[in-house]
Amino acid sequence: MILFLDPQPPQVAWCEVRKTDPKDPVITRTGTCAIAEVFKQVNVPDGIMYMLPHGGEEIQEPISELTPEVLAAVERAVPLFPDGNGLAIRLIREGLALHKNLPQWLLCDTAFSLALPEASACYAVPPSLRRSETRRYGRAGFGHSWALHQAHVQLPSALKKIITINIAPQTTIAAFEKDQPIEVSSGFTMAEGMISITSCGDIDPTLPIHLCASGLPVSEVNRALGEQGGLNAIAERELTFRDLFEEPGDRHLQLAQEMYAYQLVKYIGSFTAAMGGVDAIVFFGAAVPSVEPFIHQITKRISPVLPQVRVLRFGFNRWEAMANIASRVFIQGVTK
Amino acid sequence: MAGKAHRVGVTGSEPSYIEYKGKDGTEKEVTPLKTHRQAAALILRYLRDRKTPLNCIGHRYVHGGSQFATSAIIDDDCMKLLRRCLPLAPIHNPISLSVIEESQEVFPDLTQYVSFDTAFHSSLPERAYTYALPARLRRQYGFRKFGFHGLSYTYVTRKAADYLCKPLEKTNMVACHLGTGGSSVAAVEHGRSIDTSMGYSPLAGLIMSTRSGDIDPMLLTHLMANYDVRADDLESLLNKKSGLIGLSEFSSDLRDILARVRESEQKQAALAFEMYCHRLKKYIGSYIMALGGIHALIFTDDIGVTNAQVREKVCVNLAWAGIKFDAEKNQAVTKDRITVITTDDSPVPVLVVPTDEEIVIVWEGIKLLQGVLK
C-alpha cells in the first residue's frame, strides 16, 4: 500500500492506494485529520508520497525522490507558504523517522510553472525588490496537467492552445501552448489571481500598502487579503462553494456571483490574447458535473468572440489523479 | 489662442518658460516658474491685461473620487468637495486647487468649472469597481476602482465612432492610453466605461515607465514582513522605480529601451519591452472578452501614437479577435490625424487617434454652461 499525504492547513488529508495493477490503481481508504493523528490512523505503508504546496524555485521537478538534498530544499521553501509547507515538512520529518527504509517521494504542486516564459513569470519591480523567490507560480499543477492530458485523450486532433480552469473554492487558471505552460492566474501567493472564497484576487497593489502605512500590522493586512476577503467579503457572510451556483437570495451574493463569473471571463480573454488564440477551454473540478448551468453561462459569454473554441468538462477526483501518479511512480518507476 | 507653461518647478540647466500661441504667432516668455500657481498667475494676468474676452474658465482636476460623477460648476460647496478629494491624488490635486484659487483671485466674477479624469469611469458597474476586501475596510478607506485618463477616453472614443460613421451609443471599443508617464486601458460599451486597468490609484494595471502595474498584494506584505521594507518606501519604489526603469535598469523611456534591444543582446531591455507589450495585450484580450467583442481598438497618447513597434507587437497576434494588422499602414501613422492600421478587410479596425484632453474640457464646459452663460 502506498500512503499519500496532502497538507491542507490546519489538517492533513491522506489516502491509501493498493499496490496492484498500475493501470487500475485502487484507493482503499481516505481520511482527513490533525497532523498528530495521521500516522496513528493509517496502515503500515510500502511507500509514502508527500505533497508540497509551494516549492518556490527550490523544488524544480513535480515528482522527486525524497533525498537529503530534496529535504533541505523543502526546508528552505517553508517561509514561502508557512502554513502549508510547514505542515508538509513536519509530515516528512515524522514519516522519515517512522519509516526510515521505505521509498518516499515528494510531489510539488507549483513546479510545473517554473517553465513559464520569463515575461509571464516576472514582476516589473526594481532589483532592490527582487528576491530569488519573487515571481509567479501556478498552483494545482497536478490537476492542470491531468486536465491537459484528458483534453488530449478526448480530442486527439492537434490541440495546440489550451486553457485549463480548475473550478474550485480556490479557482486557478492556466494556459498551455504545445503543452508548455504560458500563463497562470495565481501569483507569488494565492492572493493574486481569481477571487476565491476567502482571498481577494487581483486588486490595486496600493491598497495593502495604504493599510500597512495607516498602522495596521502586516499580519492583519494578510488576514484581510487572504482569509477575510474574497467572495465571503462581497457576500458579507460565510459562503459554501455551492452558494456560488445557487439562485442568489440577496444583492450581496448576486454581486459575489457576478464578480466570480466576470473575472473568469476576463481571464479567458487575457490568456487567449497571451497565446494569440485558443483551441480548447477545459473546465475541471469535483464540482464540474453539477454546475453545468454556470459553465453554459460562461461559454455563452465567450462565444461571440470565440465561436469555434472547443469547451470540455471533466469531473475531477484529486485522489484518483494522485493514485495514478502513485502507481506510475512506485510500480512503473515513471517520474516524468 | 493656446499656450503652455513648460518646466514648472523643474530645476535643471534649461530655464522654465511660458508659450503663448495666437493668430499672430508664438510668444515665448522665459521666466522662473517655481509653482504651477505662479505660472497660472502670469498667464491669467497676461489674458486680463490684454482684455481677452472670456466667458468662463475650465479646470482639470485629476481625481474627483466618489464625489464627482460629472464636471461641475465651482461654488462654495464644490470647493469643499474638491478639498476633500486632495488626498486622493496628493501630487496633482493640490496643484489644480491652487490654480483654481489663483483664477478666482484674478477673475472673481467669472464662472469657473472643473472636469475630472475619474468622472468618465463613474459608470463602472459594481462587479468591476469592487475590491474583494472586508466590507468594513472598503467603507473605512473608501477603496474602490476609480480609473483615470477619462478626458482622453472621452475624446478618442467619440472621434473613433465619428471616423467609423457609427453611433457611439451602439459601439463597443477598447482604448489604450499609453503615455510617457501613466498608461491605462479602458473597456467602453456604448460610450460608457465598464472597466479600466488603473484602480483606486494609478499604480494598478499596465506596466508603465516607472510604475509596476499589477502585482501580487501579498508579495508586498511578504517583502514588508521578511525583508524589512517599509510601506512608504515600497509605495515610492513601485511608483517611481519600477515598470520599464525597474526592469531595464537604465531607462524609463521606451525609445531608449528599443534602441538597446536593436543594438545588442540587451537581455534586460528585451525583457522590459516584452513585458510591457505582454501585459497590454492581456488587458486588451480581457476587455474584448468582457465586452463580448468590439467594433474598434484604439491607441492614443504619446507612446500609443508615436511608437509603431509597440502597436505591431501587440496587434500581430490579435487575429483571434478579428484584427488583421497592416504593418505598412502602421508605419505611416502621424500625430495630426486618425490612422487605421488594419487591412481594409479586417473585421475589427485598429485606430490610432491623437488625443486632445483640453478640447474635452471645452466640450464639458459648453454642455455644463448652456443656459448659465450670457
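Residues numbered from 1 in each chain as written. Chains lettered and ligands numbered in written order. Predicted model: local features only at pLDDT ≥ 70, side-chain atom pairs only at ≥ 80, totals over all residues. Heavy atoms only, no water.

Engineer: Honestly, the overall build of chain A in this entry has me stumped. Any pointers?
Structural biologist: A tally of helices and strands in chain A yields eleven helices and eleven strands. For a compact globule of 336 residues, the expected C-alpha radius of gyration is about 20 Å, and chain A comes in at 20 Å, within 12% of that figure. For the C-alpha atoms alone, the extent of chain A along its principal axes is close to 55 × 55 × 45 Å. Counting across all 336 residues of chain A, residues that qualify as buried make up 60%. Put simply, 68% of the contacts in chain A that link residues at least 6 apart link residues at least 24 apart. Looking at chain A as shown, the accessible area adds up to about 13,200 Å², and 51% of this sits on carbon and sulfur atoms. Separation between the mean location of the 29 positive side-chain charges and that of the 35 negative ones in chain A comes to 4 Å. (Helix = DSSP H or I, 4+ residues; strand = E, 2+ residues; numbered from the N terminus. Rg over C-alpha atoms; globule rule 2.2 N^0.38 Å. Buried < 20%, exposed > 50% of the residue type's maximum accessible area, 1.4 Å probe, protein only. Contact = heavy atoms within 4.5 Å. Areas by Shrake-Rupley, 256 points an atom, 1.4 Å probe, with all protein chains shown as cover. Lys, Arg positive; Asp, Glu negative; His and termini not counted. Charge placed at Lys NZ, Arg CZ, Asp CG, Glu CD.)

Engineer: Explain the sheet that holds strand β7 (residues 161-166) of chain A to me, please; I cannot follow it from the model alone.
Structural biologist: Hydrogen bonds between backbone groups are what pair the strands of a sheet, and the pairing can be parallel or antiparallel. Residues and elements named next belong to chain A. Spatial ordering of the open sheet is given by β9-β8-β7-β10-β11, a layout of five strands whose pairing is mixed. The two strands at the open ends of the sheet, each matched to only one other strand, are β9 (180-184) and β11 (310-315). The average angle at which neighbouring strand axes cross in this sheet is 25 degrees, direction not considered. Sheet topology note: the strand β8 (residues 172-177)/β9 ladder contains four bridges and is antiparallel. Of the residues in β9, the one forming a bridge with F176 is P181. (Pairing = 2+ DSSP bridges. Axes fitted to C-alpha atoms, helices over the stretch in contact; angles between N-to-C directions.)

Engineer: Help me out: how do you make sense of the sheet that holds strand β10 (residues 296-300) of chain B in this one?
Structural biologist: Residues and elements named next belong to chain B. Taken together, six strands build an open sheet; the order of strands is β9-β8-β7-β10-β12-β11 and the sheet is mixed. In the strand order of this sheet, the two ends are held by β9 (192-196) and β11 (339-340), each with one partner. In terms of strand pairing, strand β7 (residues 172-178) meets strand β8 (residues 183-189) through seven bridges, oriented antiparallel. Bridge pairing links A175 to A186 in β8. Contacting β7, β10 and β12 (350-352), helix α13 (residues 308-315) runs over the sheet at an angle of about 155 degrees to β10.

Engineer: Teacher, can you tell me more about the pattern of salt bridges here?
Structural biologist: Close approach of charged atoms lets side chains of opposite charge pair. All names here are of chain B. Throughout the structure, instances matching the rule amount to 32 salt bridges over all chains. Among the salt bridges present, the one from E357 reaches R60, with a minimum N-O distance of 3.3 Å. One end of the pair, E357, is in helix α15 (residues 357-369); the other, R60, is in strand β4 (residues 56-61), with 297 residues separating them in the sequence. Here E357 falls in the buried class, since its relative accessible area comes to 14%. Take R60: its relative accessible area is 32%, and that puts it in the partly exposed class. (Salt bridge = Lys/Arg side-chain N within 4 Å of Asp/Glu carboxyl O.)

Engineer: For this particular structure, what's the right way to read the interface of chain B and chain A?
Structural biologist: By a frequent convention, interface size equals the accessible area lost on bringing the separate parts together. On the side of chain A, 70 residues touch chain B, which itself brings 68 residues to the contact. Buried area between chain B and chain A, summed over both chains or domains, comes out near 6,000 Å², and the portion from carbon and sulfur atoms is 69%. For the pair chain B and chain A, the interface holds six salt bridges. D195(B) is paired through a salt bridge with K266(A); the nearest N and O atoms lie 2.7 Å apart. Between chain B and chain A we count 21 residue pairs in polar contact (both at pLDDT 80 or more) in total. Of all elements in the fold, only α4 (126-129), α5 (135-141), β9, α7 (217-227), α8 (231-240), α9 (243-248) and α11 (267-291) of chain B reach the threshold of two or more residues within the side of chain B that touches chain A. Sorting elements by how many residues they give to the side of chain B that touches chain A places α11(B) first, with 14 residues. (Buried area = accessible area lost by both parts, 1.4 Å probe. Polar contact = N/O pair within 3.5 Å; in protein donor to acceptor, adjacent residues only side chain to side chain.)

Engineer: What exactly am I supposed to notice about unusual backbone geometry here?
Structural biologist: Most peptide bonds adopt trans geometry, and most residues besides glycine take a negative phi value. P9(A) connects to P10(A) through a cis peptide bond whose omega is 5 degrees. Mapped onto the elements of the fold, P10(A) is located in the loop between β1 (2-8) and β2 (11-18).

Engineer: Which parts of the structure should I look at to understand the packing of aromatic side chains?
Structural biologist: Both the distance between ring centres and the angle between the ring planes are used here to describe each pair of aromatic rings. For the coordinates displayed, the defined rule picks out 20 aromatic pairs over all chains. Seen in terms of ring centroids, F245(A) and Y260(A) are 6.3 Å apart; in terms of plane orientation they differ by 85 degrees. Their pairing is edge-to-face. With F245(A) in the loop between α8 (230-235) and α9 (251-275) and Y260(A) in helix α9, the pair connects residues that are 15 residues apart, well separated along the chain. Y260(A) matches F245(A) in its accessibility class, with the two residues each being buried. Between R131(A) and the ring centre of Y227(B), over which it is positioned, the NZ or CZ distance is 4.2 Å. Just above the ring of Y137(A) sits the side chain of R135(A); from NZ or CZ to the centre is 5.1 Å. (Phe/Tyr/Trp six-rings, centres within 6.5 Å; stacked < 30°, edge-to-face > 60°. Lys NZ or Arg CZ within 6 Å of the ring centre and 35° of its normal.)

Engineer: Can you walk me through the packing of helix α6 (residues 206-213) of chain A against α8(B) in this structure?
Structural biologist: The relative placement of two packed helices comes down to the angle between their axes together with the axis-to-axis distance. At a minimum axis distance of 9 Å, the contact between α6(A) and α8(B) shows a crossing angle of 155 degrees. It follows that α6(A) is roughly antiparallel to α8(B) by the angle criterion. Here α6(A) runs over α8(B); the crossing is left-handed. Contacts from T206(A), I209(A), H210(A), C212(A) and A213(A) of α6(A) reach α8(B) at A231(B), L234(B), E235(B) and L238(B). (Parallel < 35°, antiparallel > 145°, perpendicular 65-115°, else oblique. Left-handed = near helix turned anticlockwise from the far one by under 90°.)

Engineer: Got a minute to help me understand the side chain of D243(A) in this structure?
Structural biologist: Residue and element names in this part refer to chain A. With respect to the secondary-structure elements, D243 resides in the loop between α8 and α9. R237 provides the closest opposite charge to the buried, salt-bridge-free D243, at an N-O distance of 4.1 Å. For D243, the side chain forms a polar contact with the main-chain nitrogen of T240, separated by 2.8 Å. Apart from the residues lying within four places of it in its own chain, the contact partners of D243 are R237, E238, L253 and Q257.

Engineer: Which parts of the structure should I look at to understand a nonpolar patch on the surface?
Structural biologist: A grouping of I359(B), V362(B) and I366(B) is seen on the molecular surface, where their side chains present a nonpolar patch of about 230 Å² in accessible area. With respect to the helices and strands, the residue V362(B) is situated in helix α15. (Patch = residues over 30% accessible without salt bridge, like charges linked within 9 Å, V, L, I, M, F, W, Y side chains within 5 Å.)

Engineer: Honestly, helix α2 (residues 68-77) of chain A in this entry has me stumped. Any pointers?
Structural biologist: Residues and elements named next belong to chain A. Inspection of α2 places V70, L71, A73, V74 and A77 among the buried residues, and these make up the whole buried set. When α2 is viewed along its axis, its buried side chains cluster within an angular range of 160 degrees and face the same direction. Residues of α2 that are exposed and angled more than 90 degrees away from the buried face: P68 and E69. Lining the buried residues of α2 we find β4 (47-52), β5 (63-65), α3 (82-98) and β6 (104-108). (Arc of directions from axis to C-beta.)

Engineer: In this structure, what is going on with the pairing of β8(B)? I would like to understand it.
Structural biologist: On a regular strand, one side chain projects to one face of the sheet and the next to the other, so that they alternate. All names here are of chain B. β8 sits mainly inside the fold: six of its seven residues count as buried. The hairpin formed by β7 and β8 contains four residues between the paired strands. For β8 and β9, the ladder comprises four bridges, and the chain directions are antiparallel. Each bridged residue has a counterpart across the sheet, and for E189 the counterpart in β9 is R192. In textbook terms, the turn of a hairpin is the stretch between consecutive antiparallel strands, and for β8 and β9 this stretch comprises two residues, one of which, H190, has a positive phi near 55 degrees.

Engineer: Before we go on, may I ask you to explain the confidence of the model for chain B in this structure?
Structural biologist: Scored by pLDDT, chain B comes out at a mean of 94, with 98% of its residues at no less than 70. Across the whole predicted complex the pTM is 0.95, and at the interface the ipTM reaches 0.95. (pLDDT = per-residue confidence, 0-100.)

Engineer: Would you mind going over helix α3 (residues 92-106) of chain B with me for this structure?
Structural biologist: Residues separated by three or four positions in an α-helix point in the same direction, a consequence of the helix having 3.6 residues per turn. With 15 residues, α3(B) ought to run about 21 Å at 1.5 Å a step, and its terminal C-alpha atoms sit 22 Å apart, in line with that. Among the residues of α3(B), those classed as buried are N93(B), S96(B), L97(B), S98(B), V99(B), I100(B), E102(B), S103(B) and V106(B). (Expected span 1.5 Å × (residues − 1).)

Engineer: Looking at this structure, how should I read the packing of helix α2 (residues 76-84) of chain B against α3(B)?
Structural biologist: Residues and elements named next belong to chain B. At a minimum axis distance of 11 Å, the contact between α2 and α3 shows a crossing angle of 155 degrees. By the angle between their axes, α2 is roughly antiparallel relative to α3. Viewed along their axes, α2 and α3 form a crossing whose handedness is left-handed. Contacts between α2 and α3 pair M79, L82 and R83 from the former with L97, I100, E101 and Q104 from the latter.

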